[in-house]
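Examining the three-dimensional arrangement
What follows is each chain in one-letter form.
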Amino acid sequence: MHFQECTCCSESFIRSSHPIVADIILDKVSLDYSETLMAAAGHQAEKSLQDTMKEHFGNYILMVEGSVPTKNEAYCTIGGKSALEILKETAEGAAAIVAWGNCASAGCVQAANPNPTGAKPVHKVIHGKPIINVQGCPPIAEVMAGVIVHYLTFESIPHLDKLGRPMEFYSRRVHDTCYRRPNYDAGLFVESFDDENAKKGYCLYKMGCRGPNTYNSCGVIKWNNGVSYPIQSGHPCIGCSEANFWDNGPFYKHLQSFPGFGVEKTADKIGVIVGIAAGAGMAAHAISTNILKRKEIASGRSKKEEHGQEA
Ligand code: SF4
Ligand code: SF4
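Description of the structure in this document.

The rules behind these values
- Numbers given for residues are sequential positions, taken from 1 along each chain in its written order.
- Written order determines the labels here, with chains lettered from A and ligands numbered from 1.
- Local features in this predicted model are restricted to residues whose pLDDT is 70 or higher, and side-chain atom pairs enter the listing and the counts only when it is 80 or higher, whereas totals over whole chains, interfaces and linings include all residues.
- Just so you know, side-chain values use all the structure's heavy atoms and leave hydrogens and water out.
- Burial classes follow relative accessibility: with a 1.4 Å probe on protein chains only, a residue under 20% of its type's maximum area counts as buried, one over 50% as exposed, and anything between as partly exposed.
- Secondary structure counts use DSSP, requiring at least four H or I residues in a row for a helix and at least two E residues in a row for a strand, with both numbered from the N terminus.
- The rule for pairing is simple: two strands pair if DSSP sees at least two bridges between them.
- Definition of nearness: a residue and a molecule or strand are near each other if at least one heavy atom of the residue lies within 4 Å of the molecule or strand.
- Two kinds of site are reported from a 1 Å grid over the protein atoms alone, namely cavities, where a 1.4 Å probe fits but cannot get out, and pockets, open sets with protein on both sides within 12 Å along at least five of seven lines, and residues are called lining when an atom falls within 4 Å of a point.
- In this description, a molecule resides in a pocket or cavity if more than half of its atoms sit within 2 Å of the grid points defining it.
- Ten residues, namely Ala, Val, Leu, Ile, Met, Phe, Trp, Tyr, Cys and Pro, are considered nonpolar, four, namely Asp, Glu, Lys and Arg, are considered charged, and the remaining ones, Gly among them, are considered polar.
- Grid points are joined across faces, edges and corners, and a volume is the space filled by probe spheres set on the points.
- Put simply, a salt bridge is a Lys or Arg side-chain nitrogen that is within 4 Å of an Asp or Glu carboxyl oxygen.

This next bit is on the pairing of strand E5 (residues 131-134). By the alternation rule, side chains of E5 split into Ile 131 and Asn 133 and Ile 132 and Val 134, which are all buried. Sheet topology places strand E4 (residues 94-100) next to E5; four bridges connect them, and they run parallel. For Trp 100, the partnering residue across the bridge sits in E5 and is Val 134.

Spelled out as structure tokens, the structure:
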């Protein structure tokens, strides 16, 4: 089902290469209704939807793309029915619901302040059904395909984190698998997009990178058949697989107030700490050298005194 969205999730899905999306759609599942991918239109499409819900009641998987407006049904009405009405009707006989992307999982840009349509994600309006939040804006194609493959293989929904995201794809931070991480650890940061450090591929943390607060597989699976991902292209992560990422702005600015896990907070201070440490090291070295020297002088004096010589 498509509600308030831009269809980027479907666009991403059709680019899956492992497995190839054609294998999934043509061989592995029966895709009985999709406003984007089906050949039927109008009354034929509506009949297919009704027939599917009736014939497979309790067994079909409902996949939703987009948020649901709750302030006024006029914001999203399809075939004379509001998005909320359609969602409730289709969810009733679903064995499980897959919420594709940030819109269906967390509301995304439509739910950003001031949220004029009262946009809500699926789990805020449907209760009592297993809901898998496949996060991202859009989600990675192979992650979308992987969730379907998991269900087909194990006939159960994957293990989910507390935000309803499949653990197999969302248990690690983008930061934890980022190839620029050694630069972060060494305190080597890009200061502006056109500086020498950017050319050297240093860490993008000071350019507003939210990799330390974002759970996704971008650094491992990547995009476009594993070719690259935003950070590899020199763009900081904007946290698209997290709730409220549009409101946690502005993008491209490192925000001191941005929630962190403690260790990230040291990145800003790392230069200062290194400086202080170096200064402290030099001071300690000077002090210890001084003490040694004094000891040497003192022992020299006592040796001379032992031999009855003047110091
Ligand atoms: S802050 Fe961003 S660019 Fe830097 S290591 Fe973490 S994820 Fe990579
Ligand atoms: S790098 Fe961050 S913003 Fe970019 S796609 Fe991955 S999770 Fe989303």
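For the bond running from His 18 to Pro 19, omega is 0°, close enough to zero to count as cis. Tracing the sequence through the fold places Pro 19 in the loop between helix H1 (8-13) and helix H2 (21-28). In this model, Cys 137 is joined to Pro 138 through a cis peptide bond whose omega is -5°. Backbone geometry at Lys 222 places phi at a positive 65°, although glycine is not the residue there. Inspection of the secondary structure puts Lys 222 in the loop between helix H11 (218-221) and helix H12 (265-306). Phi at Asn 225 takes a positive value of approximately 60°, unusual for a residue other than glycine. Structurally, Asn 225 is set in the loop between H11 and H12.

Moving on: the site of ligand 1. Close to ligand 1 lie His 175, Cys 178, Arg 180, Arg 181, Tyr 184, Cys 203, Leu 204, Tyr 205, Cys 209, Gly 211, Pro 212 and Ile 231, which account for all nearby residues. For ligand 1, the cavity whose grid points lie within 2 Å of the majority of its atoms is the largest cavity. Among the residues making up the shell around ligand 1, the classes are represented as eight nonpolar, two polar and two charged.

With that out of the way, let us pick up empty space enclosed by the protein. By the definition in use, this model includes three cavities of 30 Å³ or more. Approximately 100 Å³ is the volume attributed to the largest cavity. Looking at the largest cavity, the residues that line it are His 175, Cys 178, Arg 180, Arg 181, Tyr 184, Cys 203, Leu 204, Tyr 205, Cys 209, Pro 212 and Ile 231. Taken together, the residues of the lining of the largest cavity sort by class into eight nonpolar, one polar and two charged.

All right, on to the layout of surface pockets then. In this structure, the largest pocket encloses a volume near 850 Å³. Lining the largest pocket are 33 residues, with Ser 30, Leu 31, Asp 32, Ile 61 and Met 63 sitting closest to its centre. Breaking the lining of the largest pocket down by element, the ones donating at least two residues are H1, H2, helix H3 (42-55), strand E1 (60-65), E4 and helix H7 (141-154). In the lining of the largest pocket, the residues fall into 23 nonpolar, eight polar and two charged. Leu 163, Arg 165, Ser 241, Glu 242 and Ala 243 are the residues nearest the centre of the second largest pocket, which is lined by 34 residues in total. Elements supplying a minimum of two residues to the lining of the second largest pocket: helix H5 (101-106), helix H6 (122-125), E5 and helix H8 (167-170).

Okay, the pattern of salt bridges next. Evaluation of the coordinates by the stated rule reveals 10 salt bridges. One salt bridge in this structure joins Arg 181 and Asp 176, with 3.5 Å as the shortest N-O distance. Residue Lys 206 pairs with Glu 191 through a salt bridge whose shortest N-O separation is 3.5 Å. Note that Lys 206 is positioned in the loop between helix H10 (196-199) and H11 and Glu 191 in the loop between helix H9 (181-185) and H10, a separation of 15 residues in sequence. Lys 206 gets classed as partly exposed once you look at its relative accessible area, which sits at 27%. The network of salt bridges with shared partners includes Arg 173, Asp 176, Arg 181 and Asp 185.

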